[in-house]
Protein chains: 2
Amino acid sequence: MKSEKESKCNVDEYVEVFGSKWNLIIISHLWENTLRYTELQKRMNGINAKTITTHLRKLEEHAIIERKVYAEVPPRVEYSLTERGKALLPVLGAMSEWSKKNPLLKMTDSEANGKTEI
Amino acid sequence: MKSEKESKCNVDEYVEVFGSKWNLIIISHLWENTLRYTELQKRMNGINAKTITTHLRKLEEHAIIERKVYAEVPPRVEYSLTERGKALLPVLGAMSEWSKKNPLLKMTDSEANGKTEI
DNA sequence: CAGGATCCAAGCAGATACTG
DNA sequence: CAGTATCTGCTTGGATCCTG
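Residues numbered from 1 in each chain as written. Chains lettered and ligands numbered in written order. Predicted model: local features only at pLDDT ≥ 70, side-chain atom pairs only at ≥ 80, totals over all residues. Heavy atoms only, no water.

Draft legend 1. Spatial organisation of the overall build of chain A. Along chain A, the regular secondary structure elements total 6 helices and 3 strands. Element order for chain A, N to C, with α for helix and β for strand: α-α-β-α-α-β-β-α-α. Buried residues in chain A amount to 47% of all 118 residues. Once local pairs closer than 6 in sequence are excluded, the contacts in chain A between residues at least 24 apart make up 42%. (Helix = DSSP H or I, 4+ residues; strand = E, 2+ residues; numbered from the N terminus. Buried < 20%, exposed > 50% of the residue type's maximum accessible area, 1.4 Å probe, protein only. Contact = heavy atoms within 4.5 Å.)

Draft legend 2. Summary view of the environment of His-55 of chain A. Residues and elements named next belong to chain A. In this structure, His-55 sits in helix α4 (residues 49-61). Here the alpha-carbon distance between His-55 and Ile-26, two residues 29 residues apart in the chain, equals 8.3 Å. With sequence-adjacent residues up to four places away left out, His-55 is seen in contact with Ser-20, Trp-22, Asn-23 and Ile-26.

Draft legend 3. Local environment of the sheet that holds strand β1 (residues 35-36) of chain A. Residue and element names in this part refer to chain A. If you walk across this open sheet you meet the 3 strands as β1-β3-β2, and the pairing is antiparallel. Where the open sheet ends on each side, the last strands, each with one partner, are β1 and β2 (65-70). Those strands touched by helix α2 (residues 21-30) are β1, β2 and β3 (76-81), and its axis lies near 95° from that of β3. Across the face of the sheet, α4 comes into contact with β2 and β3 while running at roughly 110° to β2. (Pairing = 2+ DSSP bridges. Axes fitted to C-alpha atoms, helices over the stretch in contact; angles between N-to-C directions.)

Draft legend 4. Main features of the pairing of strand β2 (residues 65-70) of chain B. Residues and elements named next belong to chain B. As defined by bridge partners, β2 adjoins strand β3 (residues 76-81) across 6 bridges and the pair is classed as antiparallel. The residue of β3 that forms the bridge with Lys-68 is Glu-78. Hairpin connection of β2 to β3: 5 residues between the antiparallel strands.

Draft legend 5. Structural detail: the nonpolar core. By size, the foremost hydrophobic cluster in this structure holds 60 residues, and its most contacted members are Phe-18 of chain A together with Phe-18 of chain B. For Phe-18 of chain B, the residues in contact, after removing those within four places along its chain, are Phe-18, Gly-19, Leu-24, Met-95 and Trp-98 of chain A together with Leu-24, Leu-88, Val-91 and Met-95 of chain B. (Core = buried A, V, L, I, M, F, W, Y, C linked by side-chain atoms within 4.5 Å.)

Draft legend 6. Representation of the pattern of salt bridges. Residues and elements named next belong to chain A. Enumeration over the complete set of coordinates arrives at 14 salt bridges over all chains. Residue Glu-39 pairs with Lys-42 through a salt bridge whose shortest N-O separation is 3.6 Å. One end of the pair, Glu-39, and the other, Lys-42, are both in helix α3 (residues 37-43), 3 residues apart, so they sit about a helical turn from each other. Relative accessible area serves as the criterion here: at 25%, Glu-39 is assigned to the partly exposed category. Given a relative accessible area of 59%, Lys-42 falls into the exposed group. Glu-72 is the salt-bridge partner of Arg-76, the closest N and O atoms lying 2.8 Å from each other. In this structure Glu-72 comes out as partly exposed when scored by relative accessible area, which is 39%. Among the charged side chains, a network of salt bridges with common partners joins Glu-39, Lys-42 and Arg-43. (Salt bridge = Lys/Arg side-chain N within 4 Å of Asp/Glu carboxyl O.)

Draft legend 7. View of the packing of aromatic side chains. Following the criterion strictly, the structure yields 4 aromatic pairs over all chains and no others. Through a chain of ring-to-ring contacts, the aromatic side chains of Tyr-14 and Phe-18 of chain A together with Trp-98 of chain B assemble into a single cluster. Against the face of Trp-22 of chain A rests Lys-21 of chain A, its NZ or CZ located 4.8 Å from the ring centre. Between the NZ or CZ atom of Arg-76 of chain A and the centre of the ring of Tyr-70 of chain A, over which it lies, the distance is 4.1 Å. (Phe/Tyr/Trp six-rings, centres within 6.5 Å; stacked < 30°, edge-to-face > 60°. Lys NZ or Arg CZ within 6 Å of the ring centre and 35° of its normal.)

Draft legend 8. Examining the packing of helix α1 (residues 11-18) of chain A against helix α6 (residues 89-101) of chain B more closely. Look at α1 of chain A against α6 of chain B: their axes get within 9 Å of each other, and the N-to-C directions meet at 100°. By the angle between their directions, the pair α1 of chain A and α6 of chain B is classed as roughly perpendicular. Contacts from Glu-13, Tyr-14, Val-17 and Phe-18 of chain A in α1 of chain A reach Leu-92, Met-95, Ser-96, Trp-98 and Ser-99 of chain B in α6 of chain B. Of the residues that constitute the contact of α1 of chain A with α6 of chain B, the class distribution is 6 nonpolar, 2 polar and 1 charged. (Parallel < 35°, antiparallel > 145°, perpendicular 65-115°, else oblique. Nonpolar A, V, L, I, M, F, W, Y, C, P; charged D, E, K, R; others polar.)

Draft legend 9. Seen up close, the environment of Thr-53 of chain B. Residue and element names in this part refer to chain B. As for its position among the elements, Thr-53 is in helix α4 (residues 49-61). Classification of Thr-53 as partly exposed rests on a relative accessible area of 23%. Within the local environment of Thr-53, its side chain forms a polar contact with the side chain of Tyr-37, the two groups lying 3.2 Å apart. Within the structure, the side chain of Thr-53 is placed 2.7 Å from the backbone oxygen of Ala-49, a separation counted as a polar contact. (Polar contact = N/O pair within 3.5 Å; in protein donor to acceptor, adjacent residues only side chain to side chain.)

Take a look at the structure:
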């Protein structure tokens, strides 16, 4: 809704980056290793091309990930985190910590029907 | 799209909580103090009732915020963070840290047309 | 005051088909 | 292989009206 820097000043800054399901998922997948487009897509449970591309471009704009194109015969494009992106470690780490200590209580749609795995 | 616990195990757990613009904003507003419905709404730049209520309910389900209703003549409802919610401090802190050290580079829709404020 | 109920509009994600 | 283009449908957010 495009709030122009009112209220919480810098909150709306990181909201753009963190306030997105896909962004968080992509970043966590690129955490350990550099991945090719297809490989990343596969790991993300076969998310469709348009969706993943849109978010990859977005993260690229924010200089959080880097896109390297190799001019080879079978085209190869690899995505990896930039330094800026790696600086997110504490954030992802804190999130992971919190979720480990505070497992979700309910399941949004299917009211906690025994889904206590992971 | 309801991915059932594939790929990154615990990632999809916190994505539900953090992967939302409004959740992050609400949490950051309730950070310092308990707020009444109207006050919270006002601080969120006049976000409309339905939207804020939806997210407040969601955060309540996740036991991140608490909703206290005072049976007074002019109804009063106050929202505050629970212990579980306060445990998010490191996460929000890390986000804030990151965004301070890594200011956004561009403006999403309006291609950086001089909007370098904040 | 703090919403619930509706309806509508915009944004997002998915499917499909097509290229360098 | 790694996308782009397009169309469609669900999900969100917003506006408005109404109520305990």
